[in-house]
Protein chains: 2
Amino acid sequence: MFDLQSYLTEKRAVIDSALDRYLPPEERYPQELFRAVRYGVLQGGKRLRPTLTLAACEAVGGDAEVAMPTACAVEFIHAFSLIHDDLPALDNDDLRRGQPTTHKVFGEPIAILAGDVLLAYAFQTIAQFTRDASPSIVLEVSRRVAAATGAEGMVVGQVVDMISEGRQVDGKTMEFMHANKTGALLKVAVVSGGLLGGGTPEQVSALETYGEKIGLAFQIADDILDIVGDETKIGKPVGSDLEQRKSTYPGLYGLTRSRELARQASDGAVAALQPFDDRAEPLRSIARFIVERDS
Amino acid sequence: MFDLQSYLTEKRAVIDSALDRYLPPEERYPQELFRAVRYGVLQGGKRLRPTLTLAACEAVGGDAEVAMPTACAVEFIHAFSLIHDDLPALDNDDLRRGQPTTHKVFGEPIAILAGDVLLAYAFQTIAQFTRDASPSIVLEVSRRVAAATGAEGMVVGQVVDMISEGRQVDGKTMEFMHANKTGALLKVAVVSGGLLGGGTPEQVSALETYGEKIGLAFQIADDILDIVGDETKIGKPVGSDLEQRKSTYPGLYGLTRSRELARQASDGAVAALQPFDDRAEPLRSIARFIVERDS
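These figures come from a predicted structure and were not determined experimentally.

A. Quick look at the overall build of chain A. Within chain A one finds 15 helices and two strands. Here chain A has a C-alpha radius of gyration of 18 Å; the compact-globule value for 295 residues is 19 Å, and the two agree. For chain A, the spread of C-alpha atoms along the principal axes amounts to about 50 × 50 × 35 Å. Counting across all 295 residues of chain A, residues that qualify as buried make up 55%. A separation threshold of at least 6 residues defines the contact pool for chain A, and within that pool the share at least 24 residues apart is 69%.

B. Just the environment of R97 of chain B, in detail. For R97 of chain B, the location among the structural elements is in the loop between β1 (95–96) and β2 (99–100). R97 of chain B gets classed as partly exposed once you count the C-beta atoms within 10 Å, which come to 13.

C. Layout of the relation of the copies chain B and chain A. Here chain B sits on chain A after a turn of 180° about the axis and a move of 0.0 Å along it, with an RMSD of 0.0 Å. Taken together, these values place the two copies in the relation of a two-fold axis. Among all residues of chain B, the one whose C-alpha sits closest to the rotation axis is P135 of chain B, at a distance of 2.7 Å. A high fraction, 100%, of the interface residues of chain B reappear at the interface in chain A, so the copies pair face to face through one surface.

D. Fine view of the interface of chain B and chain A. Counting residues at the interface gives 40 residues for chain B and 40 residues for chain A. Counting residues per element, the ones that place at least two in the side of chain B that touches chain A are α2 (31–42), α6 (108–129), α7 (135–149) and α8 (154–164) of chain B. Here the side of chain B that touches chain A gets 14 residues from one element, more than from any other, and that element is α6 of chain B. Of the residues contributing to the side of chain B that touches chain A, the split by class is 28 nonpolar, eight polar and four charged.

E. Fine view of helix α14 (residues 255–272) of chain A. Residue and element names in this part refer to chain A. Look at α14: 26 Å from first C-alpha to last across 18 residues, which is about the 26 Å you get at 1.5 Å a residue. Within the sequence span of α14, burial applies to S258, A262, A265, S266, A269 and A272. The arc that holds every buried residue of α14, seen down its axis, measures 125°, which confines them to one face. In the core, the buried residues of α14 are packed alongside α10 (201–228), α13 (249–253) and α15 (281–292).

F. Inspection of the packing of α7 of chain B against helix α9 (residues 171–196) of chain B at higher detail. All names here are of chain B. Contact geometry of α7 with α9 gives a least axis separation of 9 Å together with a crossing angle of 175°. Between α7 and α9, the interaxial angle falls into the category roughly antiparallel. Counted together, I137, E140, V141, R144, V145, A148 and T149 of α7 and A184, L185, K187, V188, V191, S192, L195 and L196 of α9 form the full contact between these two elements. Of the residues belonging to the contact of α7 with α9, the class tally is 10 nonpolar, two polar and three charged.

G. Fine view of the confidence of the model for chain A. When pLDDT is averaged across chain A, the result is 93; 93% of the residues are at 70 or more. Listed scores for the predicted complex are pTM 0.95 and ipTM 0.95.

H. Structural view of unusual backbone geometry. Residue and element names in this part refer to chain A. Put simply, Y29 and P30 share a cis peptide bond, and its omega is -5°. Along the chain, P30 turns up in the loop between α1 (4–22) and α2 (31–42). Even without glycine at this site, N92 takes up a positive phi of about 50°. In this structure, N92 sits in the loop between α4 (64–85) and β1 (95–96).

I. Expanded view of the environment of C57 of chain B. All names here are of chain B. With respect to the element layout, C57 can be found in helix α3 (residues 48–59). C57 sits in the buried class, given 28 other C-beta atoms within 10 Å. Put simply, C57 and L19 are 38 residues apart on the chain and 18 Å apart in space, counted from C-alpha to C-alpha. Residues in contact with C57, not counting those within four places in the same chain, are G62, A64, V66, A67, G193, L196 and G197.

J. Fine view of the environment of L119 of chain B. Tracing the sequence through the fold places L119 of chain B in helix α6. Taking the C-beta count within 10 Å as the criterion, L119 of chain B has 30 such neighbours and is therefore assigned buried. In contact with L119 of chain B, other than residues within four places in its own chain, are D116, L119 and A120 of chain A together with I77 and F80 of chain B.

Criteria and cut-off values
- Residues numbered from 1 in each chain as written.
- Chains lettered and ligands numbered in written order.
- Predicted model: local features only at pLDDT ≥ 70, side-chain atom pairs only at ≥ 80, totals over all residues.
- Helix = DSSP H or I, 4+ residues; strand = E, 2+ residues; numbered from the N terminus.
- Rg over C-alpha atoms; globule rule 2.2 N^0.38 Å.
- Buried ≥ 20, exposed ≤ 12 C-beta atoms within 10 Å, placed from the backbone.
- Contact = placed C-beta atoms within 7 Å.
- Least-squares fit on C-alpha atoms with pLDDT ≥ 70 in both.
- Nonpolar A, V, L, I, M, F, W, Y, C, P; charged D, E, K, R; others polar.
- Expected span 1.5 Å × (residues − 1).
- Arc of directions from axis to C-beta.
- Axes fitted to C-alpha atoms, helices over the stretch in contact; angles between N-to-C directions.
- Parallel < 35°, antiparallel > 145°, perpendicular 65-115°, else oblique.
- pLDDT = per-residue confidence, 0-100.

See the structure below:
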């Protein structure tokens, strides 16, 4: 019987160690910058995205070490996005996972620049530390990660979220927003692992579907948690999204229907992995876990 | 006799056309974002960095088209850095090349995010649009551009500049600051062209030296222009760096000695190209031009 909690704990430990190893040391000059860079990454987090990259790599029979630099790169991008999202000009958040945000600790100028460094460093990490993969695959991974971060992904979703604030949006806009804001990076985390693990085009395509579905499940579950969650568990004030009247799944469809939609997305993710053998068990478990978690 | 002005005009036209072609169209949703992205890039500029990439590619006998996506990527990174540098939390500039800065036109949140998109898009552009080069070379270029942008380059220099503001720094610190803040991207622009053009390791190494020297010459000349320049020509208030008491070459060494240092750097850049044939004439001319320009 596969034990997801042990798996997540184990992966998180190797990922945390790799993040620490790849990041420039905090003694590097100028220390103000590199301390902020490391703070933004090493303050904790579930490491869901890099875990997905390693799990997808293993699901297609690859060696997780090949995907480790990309797994960390995706986490650097996630950390960069949190640092910039928290800035006064954007969400203006003082706390993140119960800790002061990067700009509260290091000031706004350093926070902006530390985010910039992390974004660039993600692409340096992919190109510099990946071993035993063909350069054309690594380049394709770099291209997809870049697209999912910027012009065809996360930042696009962030802007749609921003311009939608304070007004009710329709389901289609909300889906587009989430598919970009959180979905694109989750999806590319999965697909990159499949590519680096040597997956066939069919396997990579199945992983794309899996990635899309868990992205959706994750977002709906997040929206639900934001309403029914418990402040200490998620480390930020509950209901903050509702206060700012952001459009959410529960806001648009109600809690019951939202739970159904999350479950459907999770089931769809598991179904996409039907052709895979036991090595995809971690991915299947993660898809189920995403809609069951309470933090 | 080689005519640099015609060369620069011609390259600038093909670069402007390529920038326009590679960038997402401004009609793309959300338009607020893509209009800002394009504004940040297409508001003008001498296109010095991408011109260096193309010229270095041709200097080693390569086809400039192979280097065009990377040339544009370097310009995207330059544009991203200007957008973020101009932000209220950093230099707080309202004008850039005589035009309102991106955050003045589109607001601070969009300016931050448009900069982020451009940075990610640089790496997408290198990976997606480069043709007829080996993936391992393209990956090496991507790695070097990422390093020169962030953890081993531009942003590091920006932070050193920031923390040095208001106090006199020594020559060594100032050199480190400039080598990173402006030098690293200029150097990688040159070296990338050499790599993509199929240059030998010796040629690439000579181009590295050339890139370092013109970076230094460019910075000293910029510092001199900032003092003796003419407001309308450079499009920002003259002496603004001195007012903010940033350390400059003229501030540290005086105008006469600074002019000598700029000339030495320029001569060193030309000397590094000694093994190259006539195809390096544009690079030689650019090195001389950098210390002679008046804007």
